[in-house]
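In case you want the letters, here they are:
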Amino acid sequence: MKRRAMRAATPAETEGSAGAQIQVTDLKKHFRVQPRAAGLRASFKALFTRAQETVRAVDGVTFSIEAGERVGFLGPNGAGKTTTLKMLSGLLHPTSGTVRVGGHIPQRREAALLDQIMLVMGQKQQLVWDLPPSDTFLLNRAIYQVPRPQFADTVAELTELLDLGDLVNKPTRELSLGERMKCEFVAALIHRPKVLFMDEPTIGLDVSTKVKVRDFIRDYNERYGATLMLTSHYMDDVAALCPRVIVIDKGQLSYDGSLEALIKKVRPEKRLTLTLQREVDDDALAAIGHIVERTEGQVIFRVAQDALAEAVSLALSTLDVSDFTVEAAPLEEVMSELFSNAKRRAEADEEPG
């Protein structure tokens, strides 16, 4: 069967898409926790006295996202990403600061806002385990009061785009993780939300399914002008979908800008990959640049930006090169170094002067 492209949004559907869709100012979320050591003695002591401490999950974050943008929201585990998304979707109330999504204050849970947003979490599901996904689709149609003709069109479009076929009529328990996740997307988009908050949407999926999900998310964004805020530990997701990234670490914003600029800032060097037709001695390779990885017939170098042209010229003139590529540093390395640098600065600030 020939796949249909998702229908473009009508002017009425995209009305009001211009301007900032998400506005966050000095957002904070602090939790009071009661730490306790393990063991019977500590348990008995906790009956009478309990120590308390404050966890600053989000601690003064400010940013703005325009309608239709695709933004990666990155940070190490415990940085405050999911907490922020929950405040943006109204599941948590901020300790202080202001949040507006589509002109609404999320924690008020107004129907006008709930009709515009959707939070998709890769580790949570809304599908009913013993029922087919199609029943969940019908339930969401009733909850969001989607007109039947629009519902039928949306389900048909999304089902074809994700190659679901008759899977929507099988009990959820009989579906694979990838099949369930694709059905989750259909259920989440029944009401055609204008703002998508996605927390690890491809977690646990195989490579081919991840690619299909990324293509689907991009297509939905472009067709409907939807705003996307994505958290993921899979940097390929971010690189494929998000021209802009916001980085949060220990509850505070550490970077907000283009992904390309972040890579140049943290790792300005390039990766030069040479495919060789014959083995080359180490001295000849060392003259090209710092060797990152060497396998049979292929060598990857780390080369400074200003030395790249000379390195390529030297390689082509002195080595038996059959092919070469020049790329930016891998995003995984960029993020790892960014977080490591932040940790070292924090530890230095904590040292007694």
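In the block above lies the structure referred to throughout.
Note that this is a predicted model, so its numbers are computed, not measured.

K.L.:
What is the right way to read helix 8 (residues 207-224) from this model?
P.N.:
Every α-helix carries 3.6 residues per turn, so stepping three or four residues along brings you back to the same face. Relative to the 26 Å expected for 18 residues at 1.5 Å per residue, helix 8 spans 26 Å between its end C-alpha atoms, a close match to the ideal helical length. Looking at the residues trailing helix 8, positive phi occurs at Gly225, about 65°.

K.L.:
Sorry, what's going on with the sheet that holds strand 11 (residues 290-295) here?
P.N.:
To summarise the sheet geometry, strands pair through backbone hydrogen bonds and adopt either a parallel or an antiparallel arrangement. Taken in spatial order, the four strands make up an open sheet running 11-12-10-13, and their pairing is antiparallel. Unpaired on one side and paired on the other, strand 11 and strand 13 (321-328) mark the two borders of the sheet. Put simply, the sheet's adjacent strands are angled 20° from each other on average, direction ignored. As defined by bridge partners, strand 11 adjoins strand 12 (residues 298-303) across five bridges and the pair is classed as antiparallel.

K.L.:
Would you explain the sheet that holds strand 1 (residues 20-33) in this entry?
P.N.:
Judged by pairing direction, the sheet is antiparallel, and its three strands sit side by side in the order 2-1-4 without closing on themselves. Of all strands in the sheet, those with a lone pairing partner are strand 2 (53-66) and strand 4 (96-101), marking the two edges. Direction aside, the axes of adjacent strands within the sheet are offset by 20° on average. Each of strand 1, strand 2 and strand 4 touches helix 3 (residues 81-88); the most contacted strand, strand 1, lies at about 120° to it.

K.L.:
I would appreciate a short explanation of the side chain of Glu184 in the present structure.
P.N.:
You can see Glu184 is positioned in helix 7 (residues 177-188). Although Glu184 is buried, it makes no salt bridge; Arg180 carries the closest opposite charge, 6.6 Å away. Once you skip the residues sitting within four places of it in the chain, Glu184 turns out to touch Lys124, Gln125, Gln126 and Leu127.

K.L.:
I would appreciate a short explanation of the nonpolar core in the present structure.
P.N.:
Nonpolar side chains in soluble globular proteins tend to be buried together. Phe137, Phe185, Leu262 and Met335 are the most contacted members of the largest nonpolar core, which has 51 residues in total. Among the elements that line this core, the one with the most residues is helix 7, at six residues. Leaving out residues up to four positions away in the same chain, Leu262 has contacts with Val245, Val247, Tyr255, Val334, Met335 and Leu338. In this structure, Phe63, Ile65, Ile117 and Leu119 belong to the second largest nonpolar core, which totals 24 residues.

Rules behind the numbers
Residues numbered from 1 in each chain as written. Predicted model: local features only at pLDDT ≥ 70, side-chain atom pairs only at ≥ 80, totals over all residues. Heavy atoms only, no water. Helix = DSSP H or I, 4+ residues; strand = E, 2+ residues; numbered from the N terminus. Expected span 1.5 Å × (residues − 1). Pairing = 2+ DSSP bridges. Axes fitted to C-alpha atoms, helices over the stretch in contact; angles between N-to-C directions. Contact = heavy atoms within 4.5 Å. Buried < 20%, exposed > 50% of the residue type's maximum accessible area, 1.4 Å probe, protein only. Lys, Arg positive; Asp, Glu negative; His and termini not counted. Salt bridge = Lys/Arg side-chain N within 4 Å of Asp/Glu carboxyl O. Core = buried A, V, L, I, M, F, W, Y, C linked by side-chain atoms within 4.5 Å.

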